[in-house]
Amino acid sequence: MKKVMMGNHALSFGARLARSQVIAAYPITPQTQVVELLSEMCADGSLDAKFIKVESEHSAMAACIGASVAGARTFTATSAQGLALMHEMLHWASGGRHPVVMGNINRSMAPGWSIWTDQNDSLSERDTGWMQYYCASNQEVVDTVIQAFKVSEALMIPAMVILDAFALSHTYEVVDVPDQALVDAYLPPFKPVIRLTPDDPRAFGGLTGSEHYMELRYRLQKDMEKAPALIEETGREYEKTFGRNLGLVDPYRCDDAEFIFVTSGTAGYTARVAVDELREGGVKAGNLRMKVFRPFPFARVREVLGKAKRAAVVDRNCSYGAHGIFYQEVKSALYGEAGMPPVFGYIAGLGGRDITVDSFKEVAAHALAKDRADEEIVWIGVKI
Amino acid sequence: MSTETKKPKKMTLTIPADEAMACGHLACQGCGATLAMRYMLKALGQRTALCIPACCWAVIDGPYPYSALDVPIYHCAFETAASTATGVKAGLEMVGDKETTVVAWAGDGGTFDIGLQALSGAAERDEDIIYVCYDNEAYMNTGIQRSSATPYGAWTTTTPVKHFKNRPKKDIVAIMAAHRIPYIATASVSHPEDFVKKMKKAKGIKGTRFFHVFAPCPTGWKSRPEDSIKLARMAVQNAYFPLFEIEGGETYTINLKLKDKKPIDDYIRIQGRFRHLKGEQIASVQAEVDARWERLLKLAG
């Protein structure tokens, strides 16, 4: 069934199709419609779930963790300040191996107060042990929530499904809503091997000495290393049923490309237009949209960029005192590999400033004029 | 010698014999919090799930992979006892377990201070959980730092004798009463029959139930381990920690009426944490205890 819906509602539909059993959430602009629609769905019975209307995001994640360890499929959504407030509990969810799935609307961190998009909120949570999927369309949001539960529950690792504030959260698009029976076949009920129950009384997360702690984290990393293959496998399985592949990366005209943009989120679709126009002008351009950031898709990034002569990473974020974060990670992925292209780093679109086709053309003009990246950050559109 | 024998007076044991706590725990000698757990589990039984944040009990049940308890425990973040328990209850119900009693079990720091927001949220929503605060009147697990449950006059490592705590203990029970939750009770390890009776009563009530349990701490109070029960009993008898219930946030019942309310002096004198207090300071503690008792008597009608 096709429906026109906003990105936020795509998260709600994804959560409903996945048959989330417990939702605990707190409102924050620009996430509010996610929880409003889920409240409606719980109230009208179209979703058989308990919605806990908590008093903070910190409590939202704590409640999700409690529900998850009790054996329920658990969903929440937040943004920016709310995500930052959850920070402690993000470590708790991954360290405790609770496969919560959360929508995060990329919003810039205050101060100054901003409700508009950039990625510093979610990328600040890079090292919390959560998988991170960056979406570029409302269709991808619905599909990814369903896939994320499947992958997370198989590995017992939580996941964030991330979309740009307003550029996607409030943009209406046609979404092919998957059939519930098909989703049920794709995503069976959550049945964890161990859960919190008096039938099998265990202590979860107790004091863990240096004899055991490291092994717990080793296992988390080893399971995270299984995620890229599992995301691709479940993505292909999804394609068989629903006709849409959900991969780690989304390359566009990269096969013969000499110059490749590396992008994420909605900017990844704008970049496609720039690629087409650059090609009309004789530049063999391509775009590598990073769908999954954690686990980092090392092999796919090397495979795609290894064929190019130049790569230009456009970051909607900054690691202050270092560089754009995708830029750092892409460089790190290519370092020491034979035949890799020089990587140029650009920062654009902070605080919701538009990243336009012209922004990408400016990036291309800069990168194509140079043989090597002599600056770590080139700022696009700064008015200073 | 008369053949007539007097019928012996029979004492009925009201405390269940079942144990859900084993002896191999890590508590200090004379720990009130440990007894409190034992009595609570006797009252609630094995179909109980605990959420324990950072507090002494985060350690007492034993390090991974051990547990001294025969009930499941989720060790949660410091400020999340109430919110985690809320999630556990919701999760258990969604997987078909409507029977298990879910308990948030936190110390005074995790309740009066860092966990107050989550507790208030859960109480306002009337989540179907029992929240137990075992109150040893300071951050004991981190080494005796003052909390907002620390009483006036007490020494702690962050309120040294020269700057002892000069503000009264926060009235957590009044805060919880203001939430109009169905059931609130105070309890003490010196009065296990009363504790178990009220905990059993709470088990049968739906909604948020709050227990404030007095839990002496010889390590932090600089008292003798063998005096823990004595101190707890004194605190009940001198009205420092009276035993009462509040139903619906309105109806107060004093469980142990004090015909002969004892002065505070003896209680103060056997605790090293109050050693520096002078006569007039002890008198001001007495005045505060008296005022609170009078207020409670009025509330209980």
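Residues numbered from 1 in each chain as written. Chains lettered and ligands numbered in written order. Predicted model: local features only at pLDDT ≥ 70, side-chain atom pairs only at ≥ 80, totals over all residues.

Caption draft 1: Representation of the sheet that holds strand β2 (residues 22-25) of chain A in the model. All names here are of chain A. With mixed pairing, 7 strands are arranged side by side in an open sheet as β3-β2-β4-β5-β7-β6-β13. Edge positions in the sheet fall to β3 (50-53) and β13 (292-294), since each has one partner strand and no second. The sheet shows a mean angle of 20° between the axes of neighbouring strands, direction not considered. In this fold helix α2 (residues 32-43) packs onto β2, β3, β4 (74-79) and β5 (101-106), with an angle of close to 135° to the strand it touches most, β3. (Pairing = 2+ DSSP bridges. Helix = DSSP H or I, 4+ residues; strand = E, 2+ residues; numbered from the N terminus. Axes fitted to C-alpha atoms, helices over the stretch in contact; angles between N-to-C directions. Contact = placed C-beta atoms within 7 Å.)

Caption draft 2: Quick look at the pairing of strand β8 (residues 251-254) of chain B. All names here are of chain B. Across 4 bridges, the pairing between strand β7 (residues 244-247) and β8 is antiparallel. Paired with Glu-245 across the bridge in β8 is Thr-253. Hairpin geometry of β7 and β8 is characterised by an intervening segment of 3 residues between the two adjacent antiparallel strands and by a positive phi of about 65° at Gly-248.

Caption draft 3: The nonpolar core, seen in detail. Counting 227 residues, the largest nonpolar core has Val-145, Val-161, Ile-260, Val-262, Ala-312 and Val-313 of chain A together with Val-88 of chain B as the members making the most contacts within it. A per-element tally of this core places helix α1 (residues 32-44) of chain B first, with 9 residues. Viewed by domain, this core spans two of them, domain 1 (2-242) and domain 2 (249-379) of chain A, each represented by three or more residues. Those residues within four positions of Val-262 of chain A in sequence are excluded, and the remaining contacts are Leu-288, Met-290, Ala-311, Ala-312, Val-313, Val-314, Phe-326 and Val-330 of chain A. (Core = buried A, V, L, I, M, F, W, Y, C linked by C-beta atoms within 7 Å. Buried ≥ 20, exposed ≤ 12 C-beta atoms within 10 Å, placed from the backbone. Domains from an automatic or database assignment.)

Caption draft 4: Structural context of the domain arrangement of chain A. Residues and elements named next belong to chain A. Domain assignment breaks chain A into domain 1 (2-242) and domain 2 (249-379). Here the C-alpha centre of domain 2 lies 27 Å away from the C-alpha centre of domain 1. Taken together, the contact pairs 26 residues of domain 1 with 21 residues of domain 2. Contributing elements (two or more residues each) for the side of domain 1 that touches domain 2: α6 (120-123), β6 (131-134) and α9 (213-242). For the side of domain 1 that touches domain 2, a count of residues per class yields 15 nonpolar, 7 polar and 4 charged. (Nonpolar A, V, L, I, M, F, W, Y, C, P; charged D, E, K, R; others polar.)

Caption draft 5: Spotlight on the environment of Glu-79 of chain B. Here Glu-79 of chain B shows up in the loop between β2 (73-75) and α3 (81-94). The sequence separation of Glu-79 of chain B and Ala-104 of chain B amounts to 25 residues, and the corresponding C-alpha distance is 11 Å. Those residues in contact with Glu-79 of chain B that sit more than four places away from it in its chain are His-58 of chain A together with Ile-114, Gly-115 and Ala-118 of chain B.

Caption draft 6: The pairing of strand β7 (residues 159-164) of chain A, seen in detail. Residue and element names in this part refer to chain A. Counting buried residues along β7, 6 of its 6 residues qualify, which places the element largely inside the surrounding structure. The side-chain alternation of β7 yields two buried faces, one formed by Ala-159, Val-161 and Leu-163 and the other by Met-160, Ile-162 and Asp-164. Where β6 lies against β7, 4 bridges are found, and the strand directions are parallel. Bridge pairing in β7 places Tyr-134 opposite Ile-162.

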